[in-house]
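# Breakdown of the fold
Each chain, letter by letter, is given below.
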Amino acid sequence: MNNAHYLARSLHAVWHPCTQMKTHEWLPLKPIASAQGVWLYDFEGKRYLDAISSWWVNLFGHGNARINAALKDQLDRLEHVILAGFTHEPAIELAEKLSALTNNKLGHCFFASDGSSAVEIALKMSVHFWRNSGKPGKNKIVCLEGSYHGETAGALSISDLGLYKDAYTALLRETVTVPSPDARGARAGESAAQCAERAAAALENWLAQHAGETAALIVEPLVQCATGMAMYDPLYLRRAREICSRHGVHLIADEIAVGFGRTGTMLACEQAGITPDFLCLSKGITGGYLPLSVVLTRDEVYAAFYDDEIARGFLHSHSYTGNALACRAALASLAIFAEDDVIANNREKSRQITRLATPLAEDDRISNFRNRGMIWAFDVQTSDVHFAGKVFATGLEHGVLLRPIGNTVYFMPPYVISLDEAAFLVEQTSAVLNQVLRESA
Ligand SMILES: *Cc1c(COP(=O)(O)O)cnc(C)c1O
């Protein structure tokens, strides 16, 4: 079978995500036959470097031998069992290991299936906590400008992305948005830290007046990914933690994209030395193999639900909650972090890849070249509204999978990318930009 065979069938039967299907009249849809390491292979043997880790989920490459082996072993023991009234070893072990990542400050682990449902859980737990604590009026959620927390109704309510939201406002709750600490918003002469401080002052102003009706602030620590890799100073997180504590408002850290080493530390919050009240994890948690998410929280929150009265409990559920295969993939992924000293090795790799990307950083057509951990991003000056789609299509011709967000091009590769592969990625990205900008000039 060749690409064309699958292409026609997929366009007929599959309604693809995040896509106006009509754009496939000109945008390529790539059937993928297999994948190994950072490479995706189509049915004609052409390969593409997965520079976005298949939507930010893959950490240790496709077809990872160690994760494969763990899953094969798990498959012969237990594939899945209901997690209400039952338990199993991978769920227990994973909950313990994830809690340990927070120095056991967040000792209670609630499983779900994808990032959006983790966010829904954090919102419901926070609001329910205040209700159980005799403060049902504390039910508003504050989010940052440019925030993205998923696309189910609750999560979409606290996402500030017009295009993904406008059609559904009738389904959504009104939310409060406070200024983002995005360092690109720094005024002339202002440092990233001063910019973060200014955003923190706006949060302080809001909560000084509205803490009584506010349940929680939700943030994506260090990098607001979906808005276009907006990076900010850790100072904001320290200030937000302190402000929320002082005003009796929960801090929810959505580390669905930035967790598991993506920003250079296992958890992004570590770089600010803070612990949130709720921590949402997903995406990289299984190394990119299976859907799984989790919300971790404190003893105090757990205790507010622990009661003889059933209605005071947290009755939320998902059918595949704590799926044994997914938990086992997550354990295999955590084992790789330990065995390969991944965080320390990534620190050097990140520096080397930044050095390789110097030609992009110095390109006149590019601004705000930025890096944190294993994320690189830059903004391209262009008025072409089809820029992102053209870079995607041209990228495939050059053997790289790039998926710009507006005019922001970014790399978020699997951690196993070699320096040769990174050099190839940088070279091809330059070539893609030359071609796209020449054609749209
Ligand atoms: C992807 C993402 C989500 C939603 O996760 P899904 O698994 O796509 O539902 C939520 N928050 C952040 C920060 C994300 O990047």
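Just above, that's the structure.
Residues numbered from 1 in each chain as written. Predicted model: local features only at pLDDT ≥ 70, side-chain atom pairs only at ≥ 80, totals over all residues. Heavy atoms only, no water.

### Concerning the overall build of the protein chain
From N to C terminus, the protein chain includes 15 helices and 16 strands. In terms of overall dimensions, the protein chain is globule-like: its C-alpha atoms have a radius of gyration of 22 Å, near the 22 Å expected for 441 residues. In terms of principal-axis extent, the alpha carbons of the protein chain reach across some 65 × 60 × 45 Å. The proportion of buried residues among the 441 residues of the protein chain is 53%. (Helix = DSSP H or I, 4+ residues; strand = E, 2+ residues; numbered from the N terminus. Rg over C-alpha atoms; globule rule 2.2 N^0.38 Å. Buried < 20%, exposed > 50% of the residue type's maximum accessible area, 1.4 Å probe, protein only.)

### A closer look at helix α8 (residues 192–210)
For α8, built from 19 residues, the straight-helix expectation of 27 Å at 1.5 Å per residue is met to within 8% by its first-to-last C-alpha distance of 27 Å. Buried residues of α8: C195, A196, A199, A200, L203, E204, L207 and H210, and no others. Tucked inside the fold, the buried residues of α8 contact β6 (176–178), β7 (214–219) and α9 (235–247). (Expected span 1.5 Å × (residues − 1). Contact = heavy atoms within 4.5 Å.)

### Concerning the nonpolar core
Counting 107 residues, the largest nonpolar core has L94, L98, M229, Y236, F260 and F337 as its most contacted members. Per-element accounting of this core gives the leading share, ten residues, to helix α11 (residues 324–339). When sequence neighbours within four positions are dropped, the list of residues in contact with L98 reads C109, F260, L281, I285, V294, L296 and L334. Among the nonpolar cores identified, the runner-up in size contains 25 residues, and A112, A216, F305 and F314 belong to it. (Core = buried A, V, L, I, M, F, W, Y, C linked by side-chain atoms within 4.5 Å.)

### Considering the site of the ligand
Around the ligand, the neighbouring residues are W56, D114, G115, S116, Y148, H149, G150, E220, D254, I256, A257 and K283. Measuring from an oxygen atom of the ligand, one finds a side-chain N or O atom of S116 at 2.6 Å. Take K283: an N or O atom from its side chain is 2.6 Å from an oxygen atom of the ligand. (Near = heavy atom within 4 Å. Polar contact = N/O pair within 3.5 Å; in protein donor to acceptor, adjacent residues only side chain to side chain.)

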